[in-house]
Amino acid sequence: MAVGIRHSGCTCGILNGGVLALCLFFDRTESNGPQDPQVNKCMPFTHELHDWFKPNNEKNSICCRIFTKEFDMAQDEHKEQRLRFTGLVAWKVAGIVARELDLANSDAC
């Protein structure tokens, strides 16, 4: 998982959770090294999530320090932002999983 996300110096836990979810579906089950085809399959999906999330949140960042710098952590604004960002990541991860496993969205009209 550590190499699945681009090096940024700071990554929010919400994005890390999305990377972990993708790794559960597509990553290797044995430690066979970087030439393992499963590693090579998973990494583009985690990069896709990373590259999509940054411009699709109002902060244009993936860093928790940027997300939280103007918030009093005890206030509802911070909680609302976390819920919004969690929803964004979950939506994108679900889309990648559905696309790659050729699954239909049963909620779509």
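In what follows, the structure referred to is the one given above.
The rules behind these values
Residues numbered from 1 in each chain as written. Predicted model: local features only at pLDDT ≥ 70, side-chain atom pairs only at ≥ 80, totals over all residues. Heavy atoms only, no water. Helix = DSSP H or I, 4+ residues; strand = E, 2+ residues; numbered from the N terminus. Buried < 20%, exposed > 50% of the residue type's maximum accessible area, 1.4 Å probe, protein only. Contact = heavy atoms within 4.5 Å.

**Q** It is not clear to me how unusual backbone geometry should be interpreted in this structure. Could you clarify?
**A** Trans is the common state for peptide bonds, and a negative phi is the common state for residues other than glycine. Its identity is not glycine, yet Asn60 carries a phi of approximately 50 degrees, on the positive side. For Asn60, the location among the structural elements is in the loop between helix 2 (37-53) and helix 3 (64-68). Judged by relative accessible area, Asn60 falls into the partly exposed class, the value being 47%.

**Q** When you look at the environment of Phe25 in this model, what are you seeing that I'm missing?
**A** Tracing the chain through its elements places Phe25 in helix 1 (residues 13-26). On the accessibility criterion, Phe25 (49% relative accessible area) is partly exposed. Expressed as a C-alpha distance, the spacing of Phe25 and Glu100, which sit 75 residues apart in the sequence, is 9.8 Å. What Phe25 contacts, discounting residues up to four positions off in sequence, is Val97 and Leu101.

Purely spatial values, then, with no claim about function.
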